[in-house]
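Fold and geometry: a report
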Amino acid sequence: MNEELLEIIIPLDLKYKWSAGPHLGAFLRGLKEEKIIANRCPVCARLQLPPTPACGRCHIGMGEDWVELSHQGSVISYSSVVDPMFDAGIGGMRPVPYTIAAIVLDGGPDVAFFHKLEENNPEKVKVGMRVEAVFRPPEERKALMEDIIHFRTIG
Ligand SMILES: [Zn+2]
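This one's a predicted model, so the numbers in the text were calculated from it and none came from an experiment.

So, about the overall build of the protein. Assigned secondary structure in the protein consists of one helix and ten strands. The C-alpha radius of gyration computed for the protein amounts to 19 Å, which surpasses the reference 15 Å derived for 155 residues by more than 25%, pointing to a less compact arrangement than a globule. A principal-axis box enclosing the C-alpha atoms of the protein has dimensions of 65 × 40 × 35 Å. The proportion of buried residues among the 155 residues of the protein is 20%. Here the analysis covers contacts within the protein between residues at least 6 apart in sequence; of these, 51% occur between residues at least 24 apart.

Here is the structure:
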């Protein structure tokens, strides 16, 4: 019996459409208009970012109480990425190093918003540092998370 391992490479080119739904859709449309949109629970008043159909605490329908949040916030955690990997947002390999941060926006939700930082030097990234969203120019926005290029250091 031949136990040679065979490798078969099958290129796939799949095109599909995906519906964001009313809640994530509101968030993505907001990004295109340079807005960061959360939604508020009608029972506990907790904000969800990105908006969700149900409250993570109460497990009830969130409705459509949209709240526009500040573009500024504070880093509460971060991770420096040093291994290259494919990034669908740029359609290729993202240059390393780069930093992904959990950011709590001012006046914002109980949950963190995850995005890239402009600052790539891990020695300069600190918990508590102040950051601000940098949006693409209006003509380049596509109602995608990538409409925010990154968060730059402020203060
Ligand atoms: Zn709730």
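Okay, back to it.
The next point concerns unusual backbone geometry. Between Leu49 and the following residue, Pro50, the backbone shows a cis peptide bond with an omega angle of -10°. Structurally, Pro50 is set in the loop between strand 2 (47–48) and strand 3 (66–69). That bond from Val96 to Pro97 is cis: its omega, 0°, falls within 30 degrees of zero. Positive phi values are uncommon outside glycine, yet Ala45 reaches one of about 70°.

Spatially, three strands are ordered 2-1-3 in an open sheet, and the strand pairing comes out antiparallel. The sheet is open, and its two edges are formed by strand 2 and strand 3, each paired on a single side. As paired strands, strand 1 (residues 36–40) and strand 2 are joined by two bridges and run antiparallel to one another. Along strand 2, the bridge assignment pairs Asn39 with Gln48. Lying over the sheet, helix 1 (residues 21–32) contacts strand 1 and strand 3, oriented at roughly 150° with respect to strand 1.

Scoring rules and cut-offs
Residues numbered from 1 in each chain as written. Predicted model: local features only at pLDDT ≥ 70, side-chain atom pairs only at ≥ 80, totals over all residues. Helix = DSSP H or I, 4+ residues; strand = E, 2+ residues; numbered from the N terminus. Rg over C-alpha atoms; globule rule 2.2 N^0.38 Å. Buried ≥ 20, exposed ≤ 12 C-beta atoms within 10 Å, placed from the backbone. Contact = placed C-beta atoms within 7 Å. Pairing = 2+ DSSP bridges. Axes fitted to C-alpha atoms, helices over the stretch in contact; angles between N-to-C directions.

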